[in-house]
Amino acid sequence: MFAGLRVAATRRGFATVSTVNGFTEAVGNTPLIYLKGLSEQIGSKIYGKAEFQNPGGSVKDRAALGVVRNAEEKGLIKPGGTIVEGTAGNTGIGLAHVCRAKGYNCVIYMPNTQSQEKIDLLRMLGADVRPVPAVAYENPQNYNHQARDYALTLDNAIWTDQFDNTANAYAHYISTGPEIWEQTQGDLNGFICATGTGGTLAGIGKYLKEKSGGKTQIWLADPPGSVLTSYVNSGGKLTERSGSSITEGIGQGRITQNLGTFVNELDGAFTVPDEKSIAMVYELLHTEGLYIGASSALNVVAAVELAQKLGKGSKVATILCDGAYRYQSRLFSKAWLKTKGLENAIPPHLKKYAVLD
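What you see is a predicted model, and the numbers here were worked out from it, not measured in a lab. Going along each chain's sequence as written, the residues are numbered from 1 onward. Totals for whole chains, interfaces and linings use every residue, but because this is a predicted model, local features are given only for residues with pLDDT of at least 70 and side-chain atom pairs only at 80 or more, for both listing and counting. Hydrogens and water molecules were not included; the side-chain quantities draw on all heavy atoms of the structure.

Q: Talk me through the packing of aromatic side chains; I want residue IDs and the actual numbers.
A: Here the aromatic set is Phe, Tyr and Trp, taking the six-membered ring for Trp, and pairing holds for ring centres within 6.5 Å; pairs whose planes are under 30 degrees apart are stacked, those over 60 apart are edge-to-face, and all others are tilted. Under the defined criterion, the tally for this structure stands at 8 aromatic pairs. With a centroid separation of 6.1 Å and 55° between ring planes, the pair formed by Tyr109 and Tyr150 is classed as tilted. Here the residue Tyr109 occupies a position in strand β4 (residues 105-111), and Tyr150 occupies one in helix α7 (residues 143-152), the gap between them amounting to 41 residues. Site record: aromatic cluster; members linked through ring pairs are Tyr282, Tyr291, Tyr325 and Phe332. To sit over a ring, a charge needs its Lys NZ or Arg CZ within 6 Å of the ring centre and within 35 degrees of the ring normal. A cation over a ring is seen here: Arg130 above Tyr150, with NZ or CZ 4.3 Å from the ring centre. Only DSSP runs of H or I covering at least 4 residues are called helices, and only runs of E covering at least 2 are called strands; the numbering of each starts at the N terminus.

Spelled out as structure tokens, the structure:
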């Protein structure tokens, strides 16, 4: 009965060759998905690293596990201790999972602009969630500074400092980068993604640059309101941050230490408007069956544009950071999209997917 399926079933193989020990060993080894519809449209090959298949549901599982392991290796945290972080969402979710798996307490400071789905999930995972007003990094009340200061008041506690702790980028250098290289058999013209902490882009970019001898181009994609595109394209001049984006957890007003490990090796950068990101959320659902968040959609828009810059037949990879489940009350709400002036960003034939009022 299954004879006809045997070839297709064996073609992919298995992500791991044996069982894994708990949540932490299940992180990584995610598939690299060939986006057939988009690729055929532009005459290039676009690949998305399915980081939503990590056990905690996002690419940030890797950073969360990386910074905790680094703290353990340095003797900075002991059993029963407390992990404190300032996060816009997914790193906190990854840390909450890791803390449950390893027996640590978890305290999360986050901007009060994040989706309710993320806040609820963090609390369900046992984290002490502390939403605070969203203010600039330079403000002492910024959520990162509040997390740092709170950790200093506790015994047996660490602030994992995801933005400037380069164990974040290293986690991608030793896992995500090698996985992409192996999955593409070293045949990759470009890699691009947006960045918040800078860890994913810096770690993957550094590995791919080294392995390709500089042949694989590494680009940064930016949401509106971020200063990174202007920084890269101006040769290193920081401008004042202005504007905003509906994407969560990406964009930046400064060069973090994670990004600083690689920013001077970037081949270029450009900004993706929210309208294009929203349209791609719906396009990928319709044509690829992929239910992804806005930051993932932004990355795919950027991968398509980079492939067009590199020419027909080019091969470009990006990151599918997480699924749309954590944002569905916004991304698929006609009322919410209208408040953001984005109701017309959805192509007419795809408006049927905006099912929430």
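Q: Please set out the confidence of the model for the chain residue by residue, giving values where relevant.
A: Chain-level pLDDT for the chain is 93 on average; 95% of the residues reach the 70-or-more range. pLDDT: the predictor's confidence for each residue, scored from 0 to 100. Two residues form a contact once any of their heavy atoms are found within 4.5 Å. Segment residues 1-14: pLDDT under 50, and 1 contact once partners within four positions in sequence are set aside and those in other chains are kept.

Q: Outline empty space enclosed by the protein, listing residues and values.
A: Residues are said to line a cavity or pocket when one of their atoms sits within 4 Å of a point; the points come from a 1 Å grid over protein atoms alone, cavities being sets where a 1.4 Å probe fits but cannot get out and pockets being open sets with protein on both sides within 12 Å along at least five of seven lines. Grid points are joined across faces, edges and corners, and a volume is the space filled by probe spheres set on the points. Inspection of the entire model under this criterion finds 1 cavity of 30 Å³ or more. Here the largest cavity is characterised by a volume of approximately 70 Å³. Counting only elements with at least two residues in the lining of the largest cavity, the list comes to α14 (294-310) and α15 (328-331). As a working rule, the residues Ala, Val, Leu, Ile, Met, Phe, Trp, Tyr, Cys and Pro are called nonpolar, Asp, Glu, Lys and Arg charged, and the rest polar, with Gly in that last group. Looking at the lining of the largest cavity residue by residue, the class counts come to 5 nonpolar, 2 polar and 2 charged.

Q: Break down the sheet that holds strand β8 (residues 217-222) for me, citing the residues and quoting the values.
A: Hydrogen bonds between backbone groups are what pair the strands of a sheet, and the pairing can be parallel or antiparallel. Taken in spatial order, the 6 strands line up as β1-β2-β10-β7-β8-β9 in an open sheet, and their pairing is mixed. The open sheet is flanked by β1 (32-34) and β9 (268-271), the only strands paired with a single partner. Strand-to-strand, the axes of this sheet are offset by a mean angle of 25°, without reference to chain direction. Bridge count between β1 and strand β2 (residues 45-50): 3 bridges; the pairing is antiparallel. Bridging across to β2, Ile33 finds its partner in Gly48. What makes two strands pair is DSSP finding at least two bridges between them. Lines fitted to C-alpha atoms define the axes here, with helix axes fitted over just the stretch in contact, and angles between the N-to-C directions of these axes take values from 0 to 180 degrees.

Q: Before we move on, could you go through the pattern of salt bridges and cite the residues and values that matter?
A: For side chains bearing opposite charge, pairing can occur when the charged atoms are close. Any Lys or Arg side-chain nitrogen found within 4 Å of a carboxyl oxygen on Asp or Glu counts as a salt bridge. Scanning all chains against the criterion turns up 14 salt bridges. Salt-bridge contacts for Lys206 lead to Glu210; the nearest nitrogen and oxygen are separated by 3.4 Å. Of the two residues, Lys206 and Glu210 both sit in helix α10 (residues 199-212), 4 residues apart, roughly one turn of that helix. Only protein chains enter the area calculation, which uses a 1.4 Å probe; residues under 20% of their type maximum are buried, those over 50% are exposed, and those in between are partly exposed. We classify Lys206 as partly exposed; its relative accessible area is 32%.

Q: Just give me the short version of helix α5 (residues 90-102), but keep the residues and values in it.
A: Working rule for helices: expected span equals 1.5 Å times residues minus one. With 13 residues, α5 ought to run about 18 Å at 1.5 Å a step, and its terminal C-alpha atoms sit 18 Å apart, in line with that. Counting buried residues along α5, 10 of its 13 residues qualify, which places the element largely inside the surrounding structure. Residues of α5 that are buried include every one of Asn90, Thr91, Gly92, Ile93, Gly94, Leu95, Ala96, His97, Val98 and Cys99, and no others. The inward-facing, buried residues of α5 abut α2 (22-26), α4 (60-73), β3 (82-86), β4 and α6 (116-124). Gly103, located one to two residues past α5, shows a positive phi value of around 85°.

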